[in-house]
Structures are given as C-alpha cells and as structure tokens.
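Read off the chains here:
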Amino acid sequence: MHDLKKLRESPEYIKDVLARRGVSNPWKDWNDCDGPFDLERFFRLQNEELSLLREVESLRTRKNQIAAEFGKLKMAKEDTTALAEEVENLKVNLVDKEAKLAPLNAIMEAAALRIPNRLDDSVPFGKSEADNPLVREVGTKSLFDFTPKAHWEIGERLGILDFAAAAKLSGSRFSVLKSDGARLERALISFMLDVHVREHQFVEVLAPYLVNPKSLQGTGQLPKFREEVFKLAQDDLYLIPTAEVTVTNLHRDDLLEEKDLPLKYVSYSACFRREAGSYGKDTKGLIRNHQFNKVEMVYFTTPERSFADLETLTNEAEAILRKLNVPYRVISLCSGDTGFSSAKTYDLEVWMPGENRWREISSCSCFTDFQARRMNIKYKNAQGKKELVHTLNGSGLAVGRLFAAILENFQLKDGSVSVPQPLLTYMGKDKITI
RNA sequence: GGAGGGGUGCUGGAGCGGUUGAUCAGGCCAGUCUCGAAAACUGGUAGACCUCUUAAAGGGUCUCGAGAGUUCGAAUCUCUCCCCCUCCGCCA
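Q: Outline the protein's contact with RNA strand B, listing residues and values.
A: Neighbouring residues of RNA strand B: 17 residues in total, closest Arg8, Arg54, Thr61, Ala67 and Lys386. Atoms of RNA strand B within 4 Å of the protein: sugar and phosphate make up 74%, bases the balance. Thr61 places a side-chain nitrogen or oxygen 2.9 Å from a sugar or linking oxygen of RNA strand B. Between RNA strand B and Lys386, the relevant distance is 2.7 Å, taken from a phosphate oxygen to a side-chain nitrogen or oxygen of the residue. In terms of residue count, helix 3 (residues 39-75) provides more of the surface near RNA strand B than any other element does, eleven residues in total.

The structure is reproduced here in structure tokens:
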C-alpha cells in the first residue's frame, strides 16, 4: 500500500507509479464499486472525502466542547437546556455527515489497495516476460547422448512419482512421492535450510499453513489475488500460497531495532494455490501443483540497503543451484512482468533438458515499504525516529521444481538419476535406480 | 465440547460516567554530577489523520482487543464478535 497522503497530495506521483508499469487504469477490472472507476474519479472522491472529513471533525470539535461545558454547568447546578438543544441539532447533522463519509472511506481505501508498488528506476520497461533481460547465465547445460526425458516420465518409471495415485486422492495438479522420491524431496528441503542457516545466517521458522485474512492482506495477496488462494469457508481461514505470508506477518505491528537489521528468516512450508485461469497449462508433472513445497527467505531491512540486500538475497538463492550444479540463469523482470507489490524482482530459472526450456524456480523481490506500511512494521533509526522497514523475499528454492530439475539434468541413459554430491549424506546413496 | 478468569501505553499495573490519551512504577532517551561509569537527581517518552506555517511550534479529530449501542459526555454501563489464560473432557 502506498502512503495515502502522498497519493492525495501528488497526482504526479500516482501517475508516475502507473506510467512505470504502463498501466492506465488500475481499477479497470474492479467490480466491487458501482460504476467505472478511474483516476479522475479517484481524485474527485478524494476531495469529497477530505472536505467531508473536515466538516465531520469540526462538528465533533463542537460536540466535545459542549460535553465539557455541560459537565461544568451540571457541577455548578446551572441550566443546560440551551446546550442540550444545540447538541441535539448538531448530532443530526453529524450522523448524516458520518454516514456519508464511512462508505467513501471504504471505497477509497479499497481503491488505494489496488495501486501497485512503484517500480525501481532500474526496472526495464517492457510488456511481458518476453521483454525480461538476461542478467547472467551460470553453469553449463549437460550434453546427452540420448534424448533426455521429462521429469514425470523419469519419475514414474523409477516409481518415485505417482500422479495416478495423486489424482485418486485429490484430483489433478497434485503429486504423490514415494520411496527415493519422498526422500529426495525431504533431502532438498533439509539441504536448503541447512545452507541458509549455516552459511547465510538465516533464522529458521516453521509457521502455520492456515492464516486469517488480515495476514493475507498484509503481504498483498488480498484483495488482489483472491482467486489464487484456497479458503476454508467455515472458519474464515486461508491456506498460505507461500511462507512469505506467515514469515512477513511475524513482525506485523512490531517496532524493530536498527542494529538488528537486516533480520533474515528462512522457512520451509507447503504452499497452496488454486491456479485458477491456468487450465491446461503445465498439467503434467511437478511444475504447477495445487500443493507444493517451498523454502522461502525473507528480509526485514532498511531503506538505505534494501536494493543491495536484494542482490545478496538473489545470490543466496543462487548458491543452492551452484552447489547442486544445476544450470540456471537470472533474469530481471521488466515493468510489465513485475508483481503487484514488488518494486524490483529477479527470477531464477533452471534449465530443464527434458522440456528443452528454462523454468522459474525462484523469484526474489524487494517490496520497499509497500508491505511494511500495510503491516505497520517499523524500526527506530539512528536518530530515534520511527520509520517503515523495507521487506524482501525470495524462494530459496521451490522444492518441486528443483526436484524436477534434478531428475532432468542428472538423468542417465539407463533411466536412473545420479544424486548431486551435496545431497549424498541426505540421500544415503549416489544414484536413484529402479 | 463443559466451567471459570482476563484483554489498558515499550513492560508491569491503576482507573466512583465528566479537562484521563490515560495515576504510578519499571524500562528507554537526554541532561546534571563524574576522568569515565554506577548511583542519585531533573526532564522527556504512542500513533494515524486533518489543519496551520517556508520551517519549528501550535490547534483539531480518532484510537484503552474489534464492532455496535446507551448518554450532553464512555477506558469506565449494555450487546455481539475476536483473542489469551486456568481447570475438566477428548485427542496427534
């Protein structure tokens, strides 16, 4: 969420925010307000809201004065009928004005929640993922003297992936891991957590998978991505789409100390996404499941260093791929492809020889103060002043996709898969065979 | 699920319906003292928003778990909801 005062005082600011994203009307698809909503209406309602607020406040001022005088008169046993009469008329007016103001407040807040974060100057302009510039490519793609298979073929043949069983249990876009598959998944989770905790000084967190709507709003999943999250209707609870939600909300309404920043957390969690609107896309394998495992990294930092921290965070995610020797590339998301709450995002993509394409495996973003403002997360700076923190997060990494990348990159001609060296102690073997 | 207790500022803890945004203590910050520190003493210590000013200061509104109500006036009374704690039952 943006600073409301800034939005009001500077139409130029909001126009700049939108222009950077190439968005002309952030409310285009907004259906919960009566009638079309655009910038013009936004500013008009803002003015109405403000003048109404001033009226309400001055009426309340008088009301409070009357109450105080009333008390004094009562104490002195003097006549209060004149005041009683005045306040009675005043209240009729006040109630009327307040009744007009409340819905206006609500609609303006909802409108403000739909304005995306301001992109950093370094974010390249572009329309779609086709315009994302390559930052670097690391590792070399293996040469196969056979046609490499897709991970679902390898996995099913080895008996470590069972999509038929998953369909029986739950439906499409789920997976069942068995034997060395289950163990590999667990190995990857442990390995990544260990690297981040031991080598990158993260604090490990294990948090609930069910959260209240307020937590989802804090990180910006609501109201914008309502369609994406699973909701438990009876309880007003939601399944987290990422551990970013729980970990970032850990410090909601907190006041942090500057000396403790950056605070670095890493959390494993299962993640749940409805994947509405992606029917028929990536229906096979582990790439796009309703439930998947992910190790997530979160930073709470200062405005001065947040973009430098984004480089560090990205590098920390990359470290996993370098250690495993999986070829990958880093791309910088262009304006059209950067997420709603993010000011700048790097994506990590791994090479999938079976599919002959790159696949996103991590997304590292700097949210500036966009999330912190909604969550009211501040820190005391050197001058003792309270200031909003900056938040960052990145996958470190998506486990299912990494699982798939390992099967595809380290598959052998005989259908077995060699286990990368760092995973040997976790797997207890160097090869997955039938 | 049953019975009971409780939610107040950074923390603890007060608060007959009337200058109580809130006594007091602790913490924290600053100052005095000191070579320095401790102790002692003095002062300061909520946030959001509106308004005013070049700025500082000032004025105003709202906030005592959340929401609604009673009243001229609510932290204080009423209702609903949420959360926490204790005991019993059930349970991984």
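Q: Lay out the sheet that holds strand 5 (residues 237-239) with the relevant residues and their values.
A: Ordered in space as 3-5-4, the three strands form an open sheet in which the pairing is antiparallel. Across the chains shown, the open sheet's two edge strands, defined by having one partner strand only, are strand 3 (210-211) and strand 4 (231-232). The sheet contact formed by strand 3 and strand 5 spans two bridges and is antiparallel. Following the sheet pairing, Leu210 is matched in strand 5 by Leu239.

Q: I'd like a rundown of the packing of aromatic side chains, residues and numbers included.
A: Summed over all chains, the structure comprises eleven aromatic pairs. Ring geometry for Trp30 versus Phe37: centroids 5.1 Å apart, planes at 65°, classification edge-to-face. With a relative accessible area of 3%, Phe37 lands in the buried category. Considering the side-chain rings of Phe42 and Phe43, the 5.7 Å spacing of their centres and the 70° angle between planes classify their relative orientation as edge-to-face. The exposure class assigned to Phe42 is buried, which follows from its relative accessible area of 1%. One aromatic cluster is present, formed by Trp27, Trp30, Phe37, Phe42 and Phe43 through successive ring pairs.

Calculation rules
Residues numbered from 1 in each chain as written. Chains lettered and ligands numbered in written order. Predicted model: local features only at pLDDT ≥ 70, side-chain atom pairs only at ≥ 80, totals over all residues. Heavy atoms only, no water. Near = heavy atom within 4 Å. Polar contact = N/O pair within 3.5 Å; in protein donor to acceptor, adjacent residues only side chain to side chain. Helix = DSSP H or I, 4+ residues; strand = E, 2+ residues; numbered from the N terminus. Pairing = 2+ DSSP bridges. Phe/Tyr/Trp six-rings, centres within 6.5 Å; stacked < 30°, edge-to-face > 60°. Buried < 20%, exposed > 50% of the residue type's maximum accessible area, 1.4 Å probe, protein only.

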